[in-house]
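Chains, contacts and geometry: an overview
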Amino acid sequence: MSRTIVIGGGADALVAAQVLARGGHEVMVIESRAASAEEGWTPAKVLRALELEPVELQWPEPWLSAPLPAGGRLELWRDVARSVESIRCVSPKDAERWPEFCERMAKLARFLESVYSEAPPDPLSPRFALRARRLGRRGLEDLLRILPMPVAELLDDWFENDVLKGLLGAAGVQHIMQGPRSAGTAFRFLHHHVGSPTGVFRPPRSNVIELLRRLPRVELQNTEVLHIAVRAGSVVGVVLKDGRELDADIVVSSIEPRRTLVELVEPGWLDPELVRALRYVRRRGVAARIRLQLDRSPGFSALALAPSLDYLERAYDDAKHGRVSREPYLEATCDAQHRMEVLVQYVPYKQKAVSLEGRVLGVLGEHWGEARPTHTEFLSPRELEEFEGWPEGQPHHAELSLDQALWMRPLPELARYRAPLPGLWLCGPAMHPGAGIAGASGFHCAHAILGR
Amino acid sequence: MASYDAVVIGAGHNSLVCAAYLARAGRKVLVVERRERIGGAAVTEEVFPGFRFSVFSYVVSLLRPEIIRELELPRHGLHILPLESTFTPLPDGNYLAQWNDHDQNRRELARHSLRDAEAYDEFGLMLHQMARAVKPLLAMAPPDPTSLSFGDLMGMKRLGEHFRGLGVKRFSMLTKLLTMSSADFLDEWFESEPLKATKSASGIIGTLLGPRSPGTAYVLLHHYMGELDGVFRAWGFAKGGNGSVTAAIAGAAQAAGAEIRTAAPVAQVLVKHGRARGVLLDDGEEIGAKLVVSGADPRRTFLGLVGEQHLPGPFVDSIRRFRFRGSSAKVNLALGELPDFAALPGRGPHLRGAVSISPSVDYLERAYDEAKYGEYSKRPYMDIVIPSLLDPQMAPPGKHVMSIFVQYAPYQLNGGWTDARREAFGDTVVDTLAQYAPNLKNAILHRQVVTPADIERIVGLSEGNIFQGELSLQQMFFLRPVPAWAKYRTPVSALWQCGAGTHPGGGVMGASGRNAAMQILGRS
Amino acid sequence: MASSYELSHEREYHAIRSAAALLDVSPLYKYRVRGKDAARLLHLVVTRSVEDMKVGQVGYTPWCDAAGKVLDDGTIARLGEREFRMTAAEPNLRWLEDNAVGLDVSVEDVSDSLAALALQGPASRIILEEIDLKYFRIADTTFRGIPVQVSRTGYTGDLGFELWVRKERALALWDALIEAGTPYGIVPAGMLALDVARIEAGLMLIDVDYVPARKALIDSQTSSPFELDLAWTVNLQKERFVGREALAAEAARGPQWQFVGVEIEWQSLERLYAEVGLATRLPATAWRTSVPIYSGGEQAGYATSGGWSPLLKKYVALAHLQSKWAAPGTGLEIEITVEHRRKRAGARVVKKPFFDPERKRG
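Just so you know, these numbers come straight off a predicted model, no measurement behind them. (Residues numbered from 1 in each chain as written. Chains lettered and ligands numbered in written order. Predicted model: local features only at pLDDT ≥ 70, side-chain atom pairs only at ≥ 80, totals over all residues. Heavy atoms only, no water.)

1. Focus: the interface of chain C and chain B
With 14 residues of chain C at the contact, the number on the chain B side is 12 residues. Counting each side, the surface lost to burial between chain C and chain B is near 1300 Å², with a carbon and sulfur contribution of 47%. Three residues, C:Arg94, C:Arg214 and C:Leu217, lead the burial of chain C against chain B; their summed loss comes to 51% of the area buried on that side. At the surface where chain C touches chain B, the tally comes to 10 residue pairs in polar contact (both at pLDDT 80 or more). Per-element tally for the side of chain C that touches chain B: the top contributor is helix H3 (residues 93–99) of chain C, with 5 residues. (Contact = heavy atoms within 4.5 Å. Buried area = accessible area lost by both parts, 1.4 Å probe. Polar contact = N/O pair within 3.5 Å; in protein donor to acceptor, adjacent residues only side chain to side chain. Helix = DSSP H or I, 4+ residues; strand = E, 2+ residues; numbered from the N terminus.)

The following block contains the structure:
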């Protein structure tokens, strides 16, 4: 029986641990911090394999709204027809196109879901070609044309209203150092659509982590790994912060690959070319987070302040040149207990963003009526790195761009979950499909270990 | 009504290449050109007495070697003079030069970064391998992955085998080149700003994208294409200007029996029962032909000359979506003396190469930022050559012509291009360059400014896009110009396209014209 | 490096073997590696053991990429417990820095600030005032008041030294050496003379005898240390170094190629020339082209440099042969162009070096 240590406590680590335990491994999970509730969808295959239930995926309702220049709000609902009604107030033409747009995008998202349910495809295999063909001629054309596109062009092809395009376009740029005119952001737009119903373009909140924590079979240790021990070219265990050494035949790390391979493994074991390549994996955090408690309902469940694609692009321009956006893109969601979480983009990692919190609250204050915050917590990317363990504040660990996706995630040499050191394996947000798809990379990694 | 086997619309280089191949195959070919001169955007004009300019395109780097060989272009007058270097003056008085000589180049790079000097050879090797990987695609009619036809399936299979043969490492590198921004890609190799900027500049030419925009890395490859075919220093200047390139191709076409008529603008493509029958000229003359080949760009061809009524709706939608967004301008100067660069004074070998105003990636990106919102760059990127140093016949003795390629000058300028805006833009360009070469202003005898609006008006390229449509990933290969219609055919039978708006795209390459001819002739 | 300081390199060559020659080898790339992990870094990078090196010791070694293919070769001198100097033919700063990730070490390119002069030949020791320095050792000293480091190393296969000096003092050192050496017949020498000497010594030259892995266009152009007759530099006892796994595997299955000395048979050569009515012609300088070597109908390999040894009176070459034909004594044929026609001359595999005088080590 293999002794296996899984490093990290996110959904990917826990899924890997469970699958390995069921595959006969003796598994210990070492987590230094409890993962906060993760956003994201989990492939049905994973849920079935671990008999996880009842899984609840939640979206606010309406799933997003945005203030209109003339007053009132544009509201997008799960019910496509209801969204059409709302869009009609700003553009009858756009309203008319909405259902078809939703259908076409959903079809592509379903395709991505099937791709994400497996280890990264070999793009040149006939099998992958056949799967893609099932999209049909127009679907495949859409896919090949849209994947490398800027989300701005995609939306310009379909719609005319700035507010609508702004709030949709924002999905393409969340957590990436790019603007809506950057190629490949249309792919990100689809990525964030994965797992959501037709007509919903934001990822859900999920209770998968809680369900995973309740499962037996796996020992959880709350401490930190200092080193991954290597002897004679193979991984032999881990050294903990408290000095304890634990032997293992297999170590699975859900920590970001650069940290795992360059910092936790002693220098000299890896091909210097790989070390160099790891240095260039882009993982720039671009968003700050504000959590706050309001004394009453703000009058919305989800609100995006990204009034046009140009607004997003200008916000990006600032960050591109190293500054905090003068007019950042904001997206706030609020639950029934009036707990609000705000995404503030763009905030470059190197910036302290001192006055940002006040500014953001000032802007939001115009939209939440009589509500008053009783408690606020502002975390810049640097602080998110410290408190959440996200490298440079990037929750996806490796930016999800086309050159760091699928069989290239995070690097072609590592995409199959196997590190180039016998016994060491990788999962987590930086591994395919990662980036907000909860648990799937752990599942694929465990299957690779089990040789399935 | 006169009748031909094929009538080719436009006398740009692709049209002429296509006509030449068709004529050599024994077809009776007529080329009809709207202007009084042939050449399209590859023309040499004596704009000011004694001063001859390649008014639009100005260097030869991508012209396919097989075309030069097969059409025997040197016999028809083509002589490419090599450009020796790229010189990037910097605002702080320093400069970066890239020389053809390996050791001289390494020494110069080491002045800026020892790491870069070391990485340079490896970078060159990698691009060499990538260029090898891409080369077979250039001469290929791109197979349509969405089609189930035997030909397309076989094409995809061949393509798959080709890529598989590259191995994972090289295939991944190719994918990176296709999807990354040139700035990000170069960050993985180099640290010196002027080097990264000057290299990444080749990725932004002709597009409305900045060096940090994904998709711009691919064009880095093009500079390495020529070397592959043993045409060392393929990057050069055509003796007599770029008009001599098209003149040579026209010579080859005529020698093979093709007729060329200038001042013969086409009003429409004659279509009957879904089939092209010839063309109607502006003056009412009808020219019948078994097939019509259009070298005009897709928008002009389909929405202008053919007309929506003859085309399927989705096809028309796709053509409408095809993006042009011209962003490049030219400033042509007649000079009384050579520019004297503060960073490297005197008449050195650096003046015989390209001069690149690209001090940093940030500089280029800021130039793009302005264009993105409809303004021309206040501090633009420039690629400058002084052809009269290589070919003294371009200017009166002792005098010089300077060709300045400028970006960004967006076609969609806020408020539109006017004569006043054009001249103000010209001033910006001269002012910027004069910061590096202080004697420039006094040296200028005449100035010609060509904006994207001028390019559209004079040459007929939609929105002044020099590539007949942006070379972005979603407009490349089997998507160029429209999925399912990338193999030079069109929904109108007997109507073909051969311009740079088809695969593999622009850059005075001639490949589109040749590929189209091969398809028409049933060879592949 | 100059080709030659005179119209012909002959006198320069003979000075190397009979008196003394002074060569400017400053174009070498030189790196100073310092810090707590200096030994650890070099131990990781090169194939030889560096941690065992004593202070004052110099070692010749190749280094490889992860596939076990040679990137470059040079010497490592241990100047202190925590200080080394590495020489290389190609730039290697980036490679050293990238290998140093996570280590406490600094790598400095001293190629431009440090000059190197090679004083080679039987009289070199006496010119250096009877310096007492063992083979492949280095020491600090002064020569006529100029502070220098002297190492007993070289690229001629003869008794010889290399002198390392700050660039400001290099010209003065050159002049001082010429002055001190003149009574002993010292001659400045260039690449053409050196080329003959290094072939006699069986020493390979980068870009000529092997393609460094970084410059290889295709995999088959690369070479492992085993294929370059450098098995003695590969220490598989070391737990790790770049390329170890690949080299261990290759050691187990045996290399496909070997790098050997080949002697072209005089009689055979003479006969080929006699057939066309000519006396035997010999190359005036060493050649650096790829020349096919055959065994019967098959191509056994290729020579990459060769020439006439004026001292040994033999026509010799360095060659890559497939292992089955690489044993000393194996009879082969090498391509020779005689009066515009390709012919084959008889050749024999011999042990390298062709010339190995006692004084080199003694």
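2. Some thoughts on the packing of aromatic side chains
All names here are of chain B. Counting across every chain of the model gives 32 aromatic pairs over all chains. With a centroid separation of 6.3 Å and an interplanar angle of 90°, the aromatic rings of phenylalanine 315 and tryptophan 485 are classed as edge-to-face. In this pair, phenylalanine 315 sits in helix H11 (residues 313–321) while tryptophan 485 sits in the loop between helix H16 (452–459) and strand E18 (495–497), placing the two residues 170 residues apart along the sequence. Using a relative accessible area of 5% as the deciding quantity, one classes phenylalanine 315 as buried. (Phe/Tyr/Trp six-rings, centres within 6.5 Å; stacked < 30°, edge-to-face > 60°. Buried < 20%, exposed > 50% of the residue type's maximum accessible area, 1.4 Å probe, protein only.)

3. Looking at the domain arrangement of chain C
Residue and element names in this part refer to chain C. As assigned here, chain C comprises domain 1 (10–200) and domain 2 (213–223 + 256–350). Placing a centre on the C-alpha atoms of domain 1 and another on those of domain 2 gives a separation of 31 Å. Between domain 1 and domain 2, a total of about 1400 Å² is buried, with carbon and sulfur atoms accounting for 58% of that surface. By the criterion of area lost to domain 2, the three top residues of domain 1 are Lys69, Ile199 and Glu200, representing 32% of everything that side buries. Counting across the interface, domain 1 meets domain 2 through 2 salt bridges. Among the salt bridges present, the one from glutamate 90 reaches lysine 215, with a minimum N-O distance of 3.1 Å. On the surface where domain 1 and domain 2 come into contact, there are 6 residue pairs in polar contact (both at pLDDT 80 or more). Counting residues per element, the ones that place at least two in the side of domain 1 that touches domain 2 are helix H1 (10–18), strand E4 (70–80) and helix H6 (191–200). Per-element tally for the side of domain 1 that touches domain 2: the top contributor is H6, with 7 residues. Class assignment for the residues of the side of domain 1 that touches domain 2 results in 9 nonpolar, 3 polar and 7 charged. (Domains from an automatic or database assignment. Salt bridge = Lys/Arg side-chain N within 4 Å of Asp/Glu carboxyl O. Nonpolar A, V, L, I, M, F, W, Y, C, P; charged D, E, K, R; others polar.)

4. Comments concerning unusual backbone geometry
Glycine aside, the phi torsion of most residues is negative, and most peptide linkages are trans. In the segment running from A:Arg409 into A:Pro410, the intervening peptide bond is cis, with an omega of -15°. Structurally, the position occupied by A:Pro410 is in the loop between helix H15 (381–388) and strand E17 (424–426). At the junction of C:Lys352 and C:Pro353, the peptide bond is cis and its omega measures out at -15° in the coordinates. In this structure, C:Pro353 sits in the segment after strand E17 (341–350). The backbone of B:Ala484 sits at a positive phi, close to 75°, despite the residue not being glycine. Tracing the chain through its elements places B:Ala484 in the loop between H16 and E18. Accessibility expressed as a relative area gives 29% for B:Ala484, which makes it partly exposed.

5. Some remarks on the domain arrangement of chain A
Residues and elements named next belong to chain A. Domains assigned within chain A are domain 1 (3–56 + 207–282 + 399–449), domain 2 (74–194) and domain 3 (287–393). On a C-alpha basis, the centres of domain 1 and domain 3 stand 30 Å from each other. Every contact between the two is made by 4 residues of domain 1 and, on the other side, 7 residues of domain 3. The contact between domain 1 and domain 3 buries some 370 Å² in all, and 39% of this surface belongs to carbon and sulfur atoms. The tally of links between domain 1 and domain 3 comes to 0 salt bridges. Taken together, the connections running from domain 1 to domain 3 amount to 0 residue pairs in polar contact (both at pLDDT 80 or more). Here the residues of the side of domain 1 that touches domain 3 sort into no nonpolar, 1 polar and 3 charged.

6. What to know about the nonpolar core
Counting 110 residues, the largest nonpolar core has A:Trp98, A:Phe101, A:Leu168 and A:Phe189 as its most contacted members. Top element by residues in this core is helix H4 (residues 114–138) of chain B. It accounts for 11 residues. In this structure, A:Leu168 is in contact with A:Trp63, A:Trp98, A:Phe101, A:Leu155, A:Phe159, A:Phe189, A:Phe201 and A:Arg202, ignoring residues within four places of it in sequence. (Core = buried A, V, L, I, M, F, W, Y, C linked by side-chain atoms within 4.5 Å.)

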